[in-house]
Amino acid sequence: MWHRQRKKILPANMDSPTPDAMKSVKRNSIVDKFFVSKDPVPPVPATGAKIQVCFAGACYAESELEKSGHQLPRIAGIHDTTLFPGFEVSGIVDELGTAVFMPKVKPGDRVVVFPRKEFSNVGFAQFITVEDVNDLIRIPDSLPLEVAAILPSGALRSFSAVLRAKPFIEAKMKDTSSPVTNILIVGAGAMGLWTLQMAHHFLVEDKGKVRITVADTNITKLMIAKDQGCYNVIHWNDAIHEEHIIARTQDAISGGVDIAIDFVSSLRTIDRCIKVLREEGVLIVGGNSKHKVTIDLNELALKKQSILGVDRGTVDQLETLVHLVGSGMVKPPTYTVYPVEEANKVFELLNESRINGRAILQVQPPQPNRK
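Now for a look at the structure at hand. This is a predicted model, so every value here is computed, not measured. (Residues numbered from 1 in each chain as written. Predicted model: local features only at pLDDT ≥ 70, side-chain atom pairs only at ≥ 80, totals over all residues. Heavy atoms only, no water.)

On to the overall build of the chain, then. Secondary structure assignment for the chain yields ten helices and 17 strands. Per-residue burial for the chain yields a buried fraction of 55% across its 371 residues. Long-range contacts, defined as pairs at least 24 residues apart, comprise 75% of the intrachain contacts of the chain with a sequence gap of at least 6. Split by element, the accessible area of the chain, about 16200 Å² in all, is 51% carbon and sulfur. (Helix = DSSP H or I, 4+ residues; strand = E, 2+ residues; numbered from the N terminus. Buried < 20%, exposed > 50% of the residue type's maximum accessible area, 1.4 Å probe, protein only. Contact = heavy atoms within 4.5 Å. Areas by Shrake-Rupley, 256 points an atom, 1.4 Å probe, with all protein chains shown as cover.)

In structure tokens, the structure reads:
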């Protein structure tokens, strides 16, 4: 059920935290190297909790990009959804605040944390605190901690995108004049694979009526998408002329695209999506590459097409997602676990799109509750 490629043992040099100090692996910006620092253990907020972090999804913080001075990230991994912004951790409730009453969780519970903005400068620390215990979601025993760690950002945003697409797909399937509904997912990186799995669960009740195609520049990643059940794949080889890419896409998706989900949202991918969208088609964008795109609104209006943005999702949606993955109804993409000390190596590979599926960092093994 869990598509784990390999798991390394955490090196012994990651000291266990003391009551007053902990280790953090962090960097100043997205172009800098990670370093290890010794920081004070944060105090517990009165209405919140302190969490012992065990695993973290390898993604970057928005603040790391802002501090780099680069408005548009020139990183290959960002342009195929291998790497994306967010904050993802799972761990153990270490302590609750003094003003917490009737909480949904207790010390010792395994939890995942909803990614609020205040976590953008945390890095990968042995402990974090949350201001509101309602941002903690208990993990069922059936869900490994490492898998839970990759749900709060990439998976949740993919979930949000599929929920945005669902009413359009349902309306399209009621249209008897069109026997097939075509979905195009742009990017076969981590977010693209999550979107594929979510679409299988929520949108493909009749496989003969809904066809999901995945487009990417990386053939290896496309083969993984094919293995995970998409109807077809398209190699968007940037070395060939743009008109040939459009023609290849139109040939592969007979009748045109009804729903395109594009987390890359670069100048090229947006242009391609709009050109292959059929009349009344819908483009759902995630804005991962942060490009500003010019769109012909007159053409959009004439074809009655729509463009929708995707937010990061809600706490309630994350709770639903934990249940779906924990029960096996939605399967995670392939993942690999690395010790957090290898963060520089891991992000170098992610930057170059050389990791298939998700990369997860083990911050520390679960420690006995200290209270």
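Moving on to the pattern of salt bridges. In total, this model carries 19 salt bridges according to the counting rule given. Two residues, Arg116 and Asp135, come together in a salt bridge whose shortest N-O distance is 2.9 Å. Within this pair, whereas Arg116 is found in the loop between β6 (110-113) and β7 (124-125), its partner Asp135 is found in the loop between β8 (127-130) and β9 (136-138), the two being separated by 19 residues in sequence. On the accessibility criterion, Arg116 (30% relative accessible area) is partly exposed. Relative accessible area serves as the criterion here: at 7%, Asp135 is assigned to the buried category. The salt bridge involving Lys275 is made with Asp271; its shortest N-O contact spans 3.2 Å. One end of the pair is Lys275 and the other is Asp271, both in helix α7 (residues 267-276) and four residues apart, which spans about a single turn. Linked through salt bridges whose partners overlap, the residues forming this network are Asp238, Glu242, Arg268 and Arg272. (Salt bridge = Lys/Arg side-chain N within 4 Å of Asp/Glu carboxyl O.)

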